[in-house]
Each structure stands twice: as structure tokens, then as C-alpha cells.
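Residue strings, one per chain:
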Amino acid sequence: MDIDLQVQNINFADLEQQTIHLSGQIQPHGVIFVLEEPELKILQVSKNTSTVFGITPENMVQKTLEDILDSFQVEKLKAAVAEENQDFLNPTKLWARKKGDEFIVFDGIFHRNPDGFLILELEPAISQENIPFLSFYHLARASINQLETTSNLKEFCQIIVNEVRKVTGFDRVMLYKFDEDGHGAVIAEEKNENLESYLGLHYPESDIPKVARKLFSSNWIRLIPDAKSQPIQLFPAINPVSQNPLDLTFSILRSASPCHIEYLHNMGVGASLTISLIKDQKLWGLIACHHQTPKYVSYELRKACEFLGRVIFSELSTREETADYDYRMKLTYVQSMLIEYMSQADNFIEGLVKHKPNLLDLTSAQGAAVCFGNHCTVVGETPKQEDINFLLQWLQNNVSEEVFYTDSLALIYGDAERFKNVASGLLAIPISKKNYVLWFRPEVIQTVNWGGNPNQAFEANQTEAGLRLSPRKSFELWKETVRLKSLPWKTVEVKAALELRKAIINIVLRQADELAQLAHDLERSNAELKKFAYVASHDLQEPLNQVANYVQLLEMRYQNQLDEDANEFITFAVEGVSLMQTLIDDVLAYSRVDMQGIEFELTEVEKPLNQALANLRTRISESGAVITHDPLPTVLADNTQLMQLFLNLIGNAIKFRSEKAPEIHVGASRQEDGWLLSVRDNGIGIEPQFGDRIFVIFQRLHTRDEYPGTGMGLAICKKIVECHRGRIWVESKLGQGATFYMTIPLGGRERERRNGRKTKNNLFG
Ligand code: BLA
């Protein structure tokens, strides 16, 4: 309902309606007195006193109420009006002597206005008696009995209008409900057969401006018995005590704004009664009654209608809530399932989209997207990734609320027209500045029937007194095809989305905490290892050198004085020292392989392989090894570490050779998300059950006498591969050679950083 109220560059609120309660005019069927307490002296009065009482208004303001009305009655009233609440007095039958013995009877209605003035309004009494309470009761009882068998909103509303028409006899009684956007529609109607129906028709917001609606929230019943009557001024126009115009907010006689009177004329209405329906302190709708000719309704009957409306409406509100209740329970269930799935999954996003029920069920949306750290996971029907990205940018720049929803996205974000078929409606919750969960609903083309063209709801004319608005002349059916609009998001759905937001934030925070803890632990153990390496290289090295030096000194100085055994012991000691030296070097080499110290760059695998072969030159030629390789790829890796990897693996292949000359093949094959490298030999092989043990620090399958070495080589290989986010394993059988496999993922550590670390940093930034 894209009705442009600014067509003529008019701001409604600035116009006369702002002061409708200060108009200083009443309708001519009654008289108003503004009284000073305690004597009830008349401060202001309506100018129609001459016709009613035969006293001019100028003379009236000199008098007290006792001078006008039955003085015995007024004496009793004085005490009563001093009470806090005057409502229980209303209406009071009051008598005034007209001429001679002629008396007129009024319904007297008291109230205190917002400025604290006591106000008495007199309306001609139609009946001499008050309607007894019991008849109110029976009225309400009868309708409530009907309600028991009714279940939907439409039928409820129908009962209200039926009952009100029955007791008042208006030509037409309607139930008018306000939309969220301020427009409204007639949702129930009971009328004279020969009148055309307004049922289902929509009316623009400007027909009942905001200021008027605000007033209706404090004054619940308004009667215009004769739309053609001339309003009556107050005398004096300005209140002599406050020096201000009188506030008529709670007045029952206040004359309606001229614009509305014109509206009634244009609609062919002679009299109207309007009753406010309030829900949760907000104006929910109106009971609007029309009569073609003037029609007076007594205060009691108006009150009875208000009572009826209130009772039925309160019943309706509870029913409306229970209708929502089942759906709300369903959403609560979906919500708890989602929380369960999220907390079980490694990544909460999977929990939201992978199962049933999923994100879509939480809001009855046709599509949804979880956009987290530069990546969107989508379910159902959604705009294209690129469109979602732009939409996210727009949200970041324009929305700061915890939840944002619209059923007509294209109206506020023009680009959305391109994907109206999937996302005319959007519900979005920001999890943090850049991360969002979005729900989408497709366009649903609707026809809205308007009572008159809403784009020409009124005319603005420049007059001497300033700008004047007048309502449209024609209320003829005007059909609007509404496009670019989805079904509306229900309050319960929006609430469910907000609840989910809380849950996600909790879970993400917790996961971020766990990650931070893991990173912290890892850092600590790395730091410890480094410290150990430092100790090993410096503190251990020194006494070791000392041992080596002194043993050598012993050997040199006592060369000829020692026996065979002593010489052998010295040799053992020297060997021990040198083995210890190698062990320390290997531990150092192991500890040096770490993420921080290495540089990932595009590396042709053949280069580090050739470097390793050059290093192994002597052992290759001694053993007669033949080394071949597949065409090798270029990967994102650290050259030095790859060289070390080949050095260890090919070195091992030569070391653990069988009787045959070693044949070693380096293979490479492309896999979906990386490369699989392999080093195959024809050596002695490994028993499959030891396949895992060989990668553990200092684990050896053979004695040092059989095969020299510290047992660190494969542990270092494993660490190198893992630093590249890959895996290493061996396939072998004893006596049949072995093949070592390694995976090197595409993008190597870079990609890992994007998915892991950066996401973490972005979470709340
Ligand atoms: C008041 N306009 C109203 C009221 C209704 C409508 C029900 C309340 C009347 C009352 O309190 O007694 C409108 N009446 C409708 C509609 C239907 C109906 C939509 O029967 C549908 C079937 N109105 C205009 C323009 C202006 C305007 C252009 O169309 C002025 C800018 C003003 N309407 C306006 C004002 C009031 C009003 C100021 C308050 C009247 C008052 O209490 O003084």
C-alpha cells in the first residue's frame, strides 16, 4: 500500500488537527460550563445559553451554578464533585427552570480537564430515568453467549456490529481495524439493506490523522448527532484563569474538526457515533456508526455500547492470543530444536540448516541465509550470493536494530525488485556488525480495494487563513494491485527470530571462548617446546662438550698407559656423546618446524626434491638407488620444509633397503581439494600394525645397531605435513616395500587462516 502522503509536500502533523482539542467550539445540542471550585462559579460557558436558559453568556459568567440549576441539587453536587473521580456521577439528571413553571431535564456529565478545570456538560435527557445496571448486564450476557460458539476474529467482529446496531438503530455499524502502517479497513459491517457496502474496503491513514487517533485513546466515545449543525463558541474564548484556550480532550460535546465534518458530508453521513477499541494501550480499531439523517443517542446508551464493545473486545483479544498460542508453541519447539542442533554441531551454522526442523520453520519463510565471516550458507529459495552480499552491505549501512523486517523490501531497497520472486519480504537479525541471519519471503500479488483513490485522499488549498485540507469527494471503489509485497511477518515470528539471535550469540561466544582457550593452550605448549629446545642447545650442549673434551684428553694423554678395555670404554663414551649430540640436533630440528617460522609461497615441488637428492648424493651412489618421479605440481608451501620432508623419506627408503638395489618413486596426483604426494620404495617394509607408531617421537622399530638413527625423522615429517594442514600415513607390508602418502591441501595455510582465524576476529568486530 504505497500511498504517498507527502504528494503535495504537506506535513499532516503541522496542520490544524494538531489543536483539535483546543478548538474552543462545541456542538449545539448541549451546553458546557467551566466551573471554579468550590462555589462552582461559571468561568466560561458556551454561547448558546440564551436559547436554552434565556440568559446571555455575558450574564452567565457572573453567576454560580446555583443561579441556573435547581439549587437543592447543586448543593448536593458540590460535595460529590470534590471527590477524586467524578465518573460515578455520570450521568446525573439535572433540572433547570426555563420560564415560569417550565423545567428542562438534562443529562449532566462532569469531568476534570487536563488543566484541572471542572467541566459540566449538559445534554438534553431523552428518558427521565437511568438505564438500570441489569439491562447492561443482559445486553452483554446475550452477546457473550453467542461468542462461546464463535471462534474466529471475523465472526467476533460481526457480533459486535450486530449488537451495536440492534441497540442503537444506526443505518450502518462498522468495525474499522487499523493496519500496522496506519491505514485501515472495514472488517465487519451491519447496515441498512439499501446502502452500499463498505465491507473489505481500505482507507488511507490521512482519513484519521495521528493527532485524532491520539485523542481517541483518551476519549473512547464520540457522538456527532447532526453533521450539518453549526458549532458554538465558548465565552469568553480564552479561559480567564489560565489565559489559554480550554483543553476539550475529554469533552463529550467538542465539535468535530471541519475537515472531518466535510468528510461526513462527502460520504452522505448525517450523524455518527464512534467508539474506540483499545488493545495493549494502543488504538486497535473503531466501532463506527453512521446514520443518513441526524440522530441523537443518549449518554447511557452510548455508555452501554462502549461497555458492550469493551467486553466483547476483551474476549476477542484473549481469543486472538490463543489462536496465536498454538503457532507460538510450534515456534518455541522449533527454536529449542535449533538450539539443540547448534550446540551439538562443530559449527553452529550446520545446526541451523542441516536438519529438520531448520531455520525456515522458525519463521515460515521460503528461504534463509546465515552469513558469517564472508560466507553465506543458504537454505530454500534465496537471492543469488552476489545479491545477498549487496543486501548485507545495505543492511550494515542502514539498520542498527536488533531485528529488522519488512514485507516490501523493494520499497526501501530498490535493487530488491530484481529478486522479488524470492525476497519481497525480509526478516534480518544481525549477530554482530557484519554477520547476519536472513529470512526471505516471495512476492504475493494482492488486490486492495480502497474507498476512493488513496493517492487523491485529500486536496490542499491555499486560503487566507493558510493551507486548508479537504477530504476527497468520491469514495467510489478504487482497486489497487499491490506488487513487490510478501505476506507480513507475524509478531510471534519476529519474536522467535529475536530469541534465536540470543541463542546464536551465546553459542558463538562460547565457541569463540573455546577456540581462544585452545589457541592459548597450543601457544603455551609451543612456547614450552621452544624453551626446551633452547635449554637443549645451550645448557645441555655445554656439559656434553665438556664430557667429549675430557674423554678425548684422557685418550690422548694416557694413550699408551691404558689397557685394551679402557680404550674400548673411551670409544663407547665418545660414541655416546656423539649420539647424544645427534639426538639434541634432531630435537632441535623437530622444534624448529612450527607454523610461525615458515613461509608459505608458491613452490615447484621438484625444486626441494632436487635439493634433497643433492644432499643424499653420496648415499644414493653408494647404494645404487634409482629415483624416479611423476610430473610434480606447484603448491603453496615452505620450500625448506619440503626439502627436509623428502630428505627424511628418501633417506629412510635408502636406509631400510632390502637386498635389492633401492628403487624409489615420488608420485603426485590431483585430488578434489589438494594434492596427494607419495614416496614409494622396494625396501624391507613395515608391519601394518606399526604404521602409526613410526610417526611418534623417538619410536624405533629396530635397534640402533641394525639401523642407526634417533627415531626423530618421521616425527619431523609428520609435523611438517601437519603444518601444511595435510595428513601423512604409510601403506606397507613387511618385506614388500612401503609407500608414504602425504596430502597438501590447496591454498595451504592461507585458506585455513581465512576460515578459521579471521572468522574469529570478525565475530564481533
Ligand atoms: C476523524 N475520520 C475520523 C473518524 C473516522 C474517520 C471514523 C473518527 C470520527 C469520530 O471520532 O467521531 C474516518 N470514517 C472514517 C473512515 C470511515 C468512516 C475511514 O466511516 C470508513 C468507512 N480526514 C480526512 C482528511 C482530514 C481528516 C483529509 O479525510 C484532514 C486532514 C481529518 N478525521 C480527521 C480529523 C478527525 C477525523 C481531524 C478527528 C475529528 C475530531 O474528533 O475532531
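Residues numbered from 1 in each chain as written. Predicted model: local features only at pLDDT ≥ 70, side-chain atom pairs only at ≥ 80, totals over all residues. Heavy atoms only, no water.

1. A short note on the overall build of the protein
(1) Moving on: Secondary structure assignment for the protein yields 19 helices and 29 strands.
(2) Moving on: Projected onto its principal axes, the C-alpha coordinates of the protein cover approximately 160 × 55 × 55 Å.
(3) Moving on: Classification of the 765 residues of the protein by burial places 48% in the buried group.
(4) Moving on: Restricting the contact set of the protein to residue pairs at least 6 apart, pairs at least 24 apart contribute 66%.
(5) Moving on: Carbon and sulfur atoms make up 51% of the accessible area of the protein, which amounts to about 39,800 Å² in all. (Helix = DSSP H or I, 4+ residues; strand = E, 2+ residues; numbered from the N terminus. Buried < 20%, exposed > 50% of the residue type's maximum accessible area, 1.4 Å probe, protein only. Contact = heavy atoms within 4.5 Å. Areas by Shrake-Rupley, 256 points an atom, 1.4 Å probe, with all protein chains shown as cover.)

2. A look at empty space enclosed by the protein
(1) Moving on: Under the definition given, this model contains 3 cavities of 30 Å³ or more.
(2) Moving on: Considering only enclosed or pocket space, the largest cavity measures out at about 770 Å³ in volume.
(3) Moving on: Lining the largest cavity are 38 residues, with Asp207, Ile208, Phe216, His260 and Tyr263 sitting closest to its centre.
(4) Moving on: Of all the elements in the fold, those that place two or more residues in the lining of the largest cavity are β7 (172–178), α6 (210–218), β10 (221–224), α7 (258–267), β12 (271–279), β13 (282–291) and β21 (466–471).
(5) Moving on: Per-element tally for the lining of the largest cavity: the top contributor is α7, with 5 residues.
(6) Moving on: Among the residues making up the lining of the largest cavity, the classes are represented as 26 nonpolar, 9 polar and 3 charged.
(7) Moving on: Counting residues domain by domain, the lining of the largest cavity receives three or more from each of domain 2 (133–227 + 269–323) and domain 4 (447–482). (1 Å grid on protein atoms, 1.4 Å probe; cavity = no way out; pocket = protein on both sides within 12 Å on 5 of 7 lines; lining within 4 Å. Points joined across faces, edges and corners; volume = space filled by probe spheres on them. Nonpolar A, V, L, I, M, F, W, Y, C, P; charged D, E, K, R; others polar. Domains from an automatic or database assignment.)

3. Quick word on helix α17 (residues 639–655)
(1) Moving on: For α17, spanning 17 residues, the distance from its first C-alpha to its last is 24 Å, which sits close to the expected 24 Å at 1.5 Å a residue.
(2) Moving on: The element α17 is largely enclosed, with a buried count of 13 among its 17 residues.
(3) Moving on: A distance of 3.0 Å separates the backbone nitrogen of Thr640 from a side-chain oxygen at the start of α17, and that oxygen is part of Asp638. (Expected span 1.5 Å × (residues − 1). Polar contact = N/O pair within 3.5 Å; in protein donor to acceptor, adjacent residues only side chain to side chain.)

4. Observations concerning a nonpolar patch on the surface
(1) Moving on: Taken together, Tyr550, Leu553 and Met556 make up a surface patch of nonpolar side chains, about 340 Å² in accessible area.
(2) Moving on: Residue position: Tyr550 is located in helix α13 (residues 491–557). (Patch = residues over 30% accessible without salt bridge, like charges linked within 9 Å, V, L, I, M, F, W, Y side chains within 5 Å. Salt bridge = Lys/Arg side-chain N within 4 Å of Asp/Glu carboxyl O.)

5. Here we look at the state of the cysteines
(1) Moving on: Applying the stated rule across the entire model yields 1 disulfide.
(2) Moving on: Paired by a disulfide, Cys371 and Cys376 hold their sulfur atoms 2.3 Å apart. With the S-S dihedral at roughly 115 degrees, the linkage between Cys371 and Cys376 falls on the right-handed side.
(3) Moving on: The exposure class assigned to Cys371 is buried, which follows from its relative accessible area of 4%. (Disulfide = S-S within 2.5 Å.)

6. A short note on the sheet that holds strand β15 (residues 375–380)
(1) Moving on: The strand order β15-β14-β18-β17-β16 describes an open sheet built from 5 strands, whose pairing is antiparallel. The sheet is open, and its two edges are formed by β15 and β16 (404–406), each paired on a single side. Going across the sheet, the axis of each strand differs from the next one's by a mean of 10 degrees, ignoring polarity.
(2) Moving on: Summarising the sheet, strand β17 (residues 425–430) and strand β18 (residues 436–441) pair through 6 bridges and their orientation is antiparallel. Bridging from a neighbouring strand, Leu427 pairs with Trp439 of β18.
(3) Moving on: Contacts from helix α11 (residues 385–398) reach β14 (367–372), β15, β16, β17 and β18 within the one sheet, and its direction differs from that of β18 by about 115 degrees.
(4) Moving on: α13 rests against β14, β16, β17 and β18 of the sheet, and its axis sits at about 30 degrees to β17. (Pairing = 2+ DSSP bridges. Axes fitted to C-alpha atoms, helices over the stretch in contact; angles between N-to-C directions.)

7. Observations regarding the packing of aromatic side chains
Aromatic ring pairs are defined here through the distance separating the ring centres and the angle between the ring planes.
(1) Moving on: Throughout the structure, instances matching the rule amount to 10 aromatic pairs.
(2) Moving on: Where Phe33 meets Phe53, the ring centres are 6.3 Å apart and the plane angle is 50 degrees; that geometry is what we call tilted. Here the residue Phe33 occupies a position in strand β2 (residues 31–36), and Phe53 occupies one in helix α1 (residues 49–53), the gap between them amounting to 20 residues. Across the pair, Phe53 and Phe33 agree in class, each one buried.
(3) Moving on: Each ring, one from Tyr263 and one from Phe475, has its centre 5.1 Å from the other, and the planes form 80 degrees; the classification is edge-to-face. Of the two residues, Tyr263 sits in helix α7 while Phe475 sits in the loop between β21 and β22 (477–482), which places them 212 residues apart along the sequence.
(4) Moving on: A residue is classified by how much of its surface remains accessible, and Tyr263, at 10% relative accessible area, is buried.
(5) Moving on: With relative accessibility at 14%, the residue Phe475 sits in the buried group.
(6) Moving on: An aromatic cluster is defined as three or more aromatic residues linked by ring pairs; in this entry it consists of Phe33, Phe53 and Phe106.
(7) Moving on: The side chain of Arg441 reaches across the aromatic face of Trp489, ending 3.9 Å from its centre.
(8) Moving on: Geometry around Tyr327 places Lys490 over its ring, the cationic atom sitting 5.0 Å from the centre. (Phe/Tyr/Trp six-rings, centres within 6.5 Å; stacked < 30°, edge-to-face > 60°. Lys NZ or Arg CZ within 6 Å of the ring centre and 35° of its normal.)

8. Description of the packing of helix α15 (residues 606–615) against α17
A pair of packed helices is captured by two measures, namely the crossing angle of their axes and the spacing between those axes.
(1) Moving on: Contact geometry of α15 with α17 gives a least axis separation of 8 Å together with a crossing angle of 50 degrees. Between α15 and α17, the angle falls in the class oblique. Considering how the two elements wind past one another, α15 and α17 form a crossing that is right-handed. For the pair α15 and α17, contact is made by Lys607, Pro608, Leu609, Gln611, Ala612, Leu613 and Asn615 and by Asn639, Leu642, Met643, Phe646, Leu647 and Ile650, respectively.
(2) Moving on: Tallied by class, residues from the contact of α15 with α17 come to 9 nonpolar, 3 polar and 1 charged. (Parallel < 35°, antiparallel > 145°, perpendicular 65-115°, else oblique. Left-handed = near helix turned anticlockwise from the far one by under 90°.)

9. Considerations on the pairing of strand β26 (residues 663–671)
(1) Moving on: Bridging between strand β24 (residues 626–629) and β26 involves 4 bridges; their strand directions are parallel. For Val626, the partnering residue across the bridge sits in β26 and is Glu663.
(2) Moving on: In this structure, β26 lies alongside strand β27 (residues 674–680), joined through 7 bridges in antiparallel fashion. Its bridge partner lying in β27, Ser669 is registered against Leu676.
(3) Moving on: Hairpin connection between β26 and β27: a loop of 2 residues separates the two successive antiparallel strands.

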